[in-house]
Amino acid sequence: VQLQAFGGGLVQAGGSLRLSCAASGRTFSTYGMGWFRQAPGKERELVAAINWSGGTKYYADSVKGRFAISRDNSKNTLYLTMNSLEPEDTAVYYCAANSRDGSGLYTTPRTYNYWGQGTEVTVSS
């Protein structure tokens, strides 16, 4: 499967963005999905995860109440809606797929076996 993330950009603090991740192939609906981010000099961290149906979700504490992960299996697309953005949210954001267990929610990068190319989000103060 190929993943393509887009929707990043420059936004002022307090603003909003919606990231999208388009997936190729016919098995997207069986995959667990996640959004990760990596800021300069920092490790890649999970922002949010969603199971194959969209019925269960996980959020990092730093984004709870501000970000929302969702998916549209009919469009093979994963979304991350980001509100109340803060300068600390500045990073490259990656979408990732776990084809081995679509029902679970996984927080570590090594559990995802497909990655998108990343889209950059910059939040100015």
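The rules behind these values
Residues numbered from 1 in each chain as written. Predicted model: local features only at pLDDT ≥ 70, side-chain atom pairs only at ≥ 80, totals over all residues. Heavy atoms only, no water. Core = buried A, V, L, I, M, F, W, Y, C linked by side-chain atoms within 4.5 Å. Buried < 20%, exposed > 50% of the residue type's maximum accessible area, 1.4 Å probe, protein only. Helix = DSSP H or I, 4+ residues; strand = E, 2+ residues; numbered from the N terminus. Contact = heavy atoms within 4.5 Å. Disulfide = S-S within 2.5 Å. Phe/Tyr/Trp six-rings, centres within 6.5 Å; stacked < 30°, edge-to-face > 60°. Lys NZ or Arg CZ within 6 Å of the ring centre and 35° of its normal. Pairing = 2+ DSSP bridges. Salt bridge = Lys/Arg side-chain N within 4 Å of Asp/Glu carboxyl O.

The next point concerns the nonpolar core. A general trend in soluble globular proteins is that nonpolar side chains are found buried together. With 30 residues, the main nonpolar core has Trp35, Leu78, Leu80, Met82 and Tyr93 as its most contacted residues. Listing elements by their share of this core, those giving two or more residues are β1 (3-6), β3 (17-23), β4 (32-38), β5 (45-50), β7 (67-72), β8 (77-82), β9 (91-98) and β11 (119-124). In contact with Leu78, not counting residues within four places along its chain, are Leu19, Ser20, Cys21, Phe28, Met33, Gly34, Trp35, Ile50, Ile69, Ser70, Arg71 and Cys95.

Applying the stated criterion across every chain, the model contains one disulfide. Note that Cys21 is cross-linked by a disulfide to Cys95, the S-S spacing being 2.1 Å. Judged by the sign of its S-S torsion, about 65°, the bond between Cys21 and Cys95 is right-handed. Taken together, the positions of Cys21 in strand β3 and Cys95 in strand β9 put the pair 74 residues apart, joining distant regions of the chain. Given the relative accessible area of 0%, Cys21 is considered buried.

Right, let's get into the packing of aromatic side chains. Counted by the stated rule, this structure contains five aromatic pairs. For the ring pair Phe36 and Tyr112, a centre distance of 5.2 Å and an interplane angle of 80° mean the geometry is edge-to-face. Placement of Phe36 in strand β4 and of Tyr112 in the loop between β9 and β10 (114-115) is noted, with a sequence separation of 76 residues between them. Residue Phe36 is classed as buried on the basis of its relative accessible area, which comes to 0%. The residue whose ring lies beneath Arg44 is Trp115, and the NZ or CZ to ring-centre distance is 4.8 Å. Above the ring of Phe28, the side-chain terminus of Arg71 is found at 4.5 Å from the ring centroid.

Another aspect to go through is the pairing of β5. Of all the six residues making up β5, five are buried; the element is thus mostly covered by neighbouring parts of the structure. Relative to β5, β4 runs antiparallel, the two being bridged by five bridges. Note on β5: the bridge partner recorded for Met33 is Ile50. Where β4 hands over to β5, the hairpin turn is made up of six residues, of which Gly41 adopts a positive phi near 80°. Bridge analysis of β5 against strand β6 (residues 57-59) gives three bridges, and the strand direction is antiparallel. Within β6, the position partnered with Ala49 by the bridge is Tyr58. Connecting β5 to the antiparallel partner β6 that follows it, the hairpin turn spans six residues, and Gly54 within it adopts a positive phi of roughly 85°.

Turning next to the pattern of salt bridges. Here the structure, examined in full by the defined rule, presents five salt bridges. The salt bridge involving Asp61 is made with Lys64; its shortest N-O contact spans 3.2 Å. Since its relative accessible area comes to 65%, Asp61 is described here as exposed. Among the ionic pairs, Arg66 bridges to Glu86, the shortest N-O distance being 3.9 Å. Of the two residues, Arg66 sits in the loop between β6 and β7 while Glu86 sits in the loop between β8 and β9, which places them 20 residues apart along the sequence.

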